[in-house]
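Fold and geometry: a report
So the chains spell out like this:
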Amino acid sequence: MYHYVRDLENSRYPLIKGLSTTHFVKQIEYLHSMYNIVSMEEVIDSIENNSKLPSNAVVLTFDDGYVDHYLNAFPVLDRLGLQGSFYIPVKPVVEHYVLDDNKIQFIISASDDSTCVIDDIKSLLDEYEYYIDDFDSYYRKFSTPEYFDSGDIMFIKRMLQTELPAEIRKKIVHKLFDKYVGVEESVFSKELYVNKEQVMHMHRHSMHIGIHGYNHSRWNRLNRRQLEQEIDLSLEFISEIGVDMDNWTACYPHGSYDKKTIDILNEKGCKLALTIKAGVANISKESRFLLPRIDTINIPINYDS
């Protein structure tokens, strides 16, 4: 599982959590030499027809439709004759919108001091008349460090991603994005995400294109009508790209799904779906909608050992 792939040290946002292009190339070359990189269609065939995958099979997946994937990942894969599977949220591509999760990432990356962001959140809650009786108790509750993130960063993420009501979250994220990033949203979106022509170019070169929602909403929080609309709009987009609609796949936004989600995907003919749970996938018809992945940001970068 890949997200940002870029020349981090020489970018405007060197603190964004991603894989440098240098490490990406080394990692792909290492995987290519030590494993069997297979296509998504081969995985589908193994599920549908019980065909045998080669030993040490690996499939490469790229989430969120970043232009990084087109500029930095796709040329490497194309040169080596390898397939990547790219999961594109539609709204950023067609409406030049920046997803709130991405806004939060760049707010954090652009700020010199996370405590300033926390102070701004507190002030904006007062400004929007959404009062938390004891802000410090919220901080203690949601500031547990996790993976590579400090307590401050986890507090910012939790408050702006899930804990505050959606309407308040959006207002605060918009304000903070204006303050810390200071780039018009449509301009930033065009710099951050692929465009439709780029997606079509990758598809013409045998890359797999799958669905990742229209709004990148958490699918387990939507009612059936909302979820079907998210999926149908995504299917309409990949159909326009030229995807084989008899062999389409999905990647859960934020890793979010429930029984309703799986039932709808099954009803609509989805062949498999990817989670963000860590692990090696056991390929079978029973597990086809619950496939785990390994986040490559957590893989050691010493590829010679």
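Residues numbered from 1 in each chain as written. Predicted model: local features only at pLDDT ≥ 70, side-chain atom pairs only at ≥ 80, totals over all residues. Heavy atoms only, no water.

Focus on the side chain of Asp152
- Take Asp152: it is sitting in helix α8 (residues 151-163).
- In this structure, Asp152 is buried with no salt-bridge partner, the nearest side chain bearing the opposite charge being Arg158 at 11 Å.
- In this view, Asp152 contacts Ser114, Thr115, Ile118 and Tyr139; residues no more than four positions away in its chain are not counted. (Helix = DSSP H or I, 4+ residues; strand = E, 2+ residues; numbered from the N terminus. Buried < 20%, exposed > 50% of the residue type's maximum accessible area, 1.4 Å probe, protein only. Lys, Arg positive; Asp, Glu negative; His and termini not counted. Salt bridge = Lys/Arg side-chain N within 4 Å of Asp/Glu carboxyl O. Contact = heavy atoms within 4.5 Å.)

Observations regarding the environment of Thr61
- You can see Thr61 is positioned in strand β5 (residues 60-63).
- Residue classification places Thr61 among the buried residues on the basis of a relative accessible area of 3%.
- On a C-alpha basis, the gap between Thr61 and Ser85 in space is 4.7 Å, while along the polypeptide they are 24 residues apart.
- Not counting residues up to four positions away in its chain, the partners in contact with Thr61 are Met1, Tyr2, Met40, Ser85, Tyr87, Leu274 and Arg293.

Things to note about the environment of His205
- With respect to the helices, strands and loops of the structure, His205 is situated in the loop between α11 (196-204) and β7 (208-211).
- Look at His205 and you get partly exposed, because its relative accessible area is 32%.
- When the C-alpha atoms of His205 and Phe74 are compared, they prove to be 9.2 Å apart, with 131 residues separating the residues in sequence.
- If we ignore the near neighbours within four places in the chain, the residues touching His205 are Phe74 and Asp78.
- A polar atom in the side chain of His205 sits 3.3 Å from the side chain of Asp78. (Polar contact = N/O pair within 3.5 Å; in protein donor to acceptor, adjacent residues only side chain to side chain.)

As for helix α6 (residues 114-127)
- In this model α6 runs 20 Å from its N-terminal to its C-terminal C-alpha over 14 residues, within 8% of the 20 Å that 1.5 Å per residue would give.
- Listing the buried residues of α6 in full gives Ser114, Val117, Ile118, Asp120, Ile121, Leu124 and Leu125. The buried side chains of α6 occupy one side of the element, clustering within an arc of 160° when seen end-on.
- The secondary structure elements touched by the buried residues of α6 are α5 (100-110), α7 (135-142), α8 and α9 (166-180). (Expected span 1.5 Å × (residues − 1). Arc of directions from axis to C-beta.)

A short note on the pairing of β5
- Of the two faces of β5, the one lined by Leu60 and Phe62 and the one lined by Thr61 and Asp63 are each fully buried.
- In this structure, β5 lies alongside strand β6 (residues 84-88), joined through four bridges in parallel fashion. Residue Asp63 lies in a different strand from β6, and its bridge partner there is Tyr87. (Pairing = 2+ DSSP bridges.)

Notes on the pairing of β6
- Counting buried positions along β6 yields five of five residues, so the element is predominantly enclosed.
- Every second residue of β6 is oriented toward a common face, with Gly84, Phe86 and Ile88 on one face and Ser85 and Tyr87 on the other, all of them buried.
- Since β5 and β6 lie parallel, the crossover through helix α3 (residues 67-80) that links them has a hand, and here it is right-handed.
- With four bridges connecting them, β6 and β7 associate as parallel partners. Its bridge partner being in β7, Ile88 is matched across the sheet by Ile211. (Right-handed = clockwise from strand over helix to strand, strands pointing away.)

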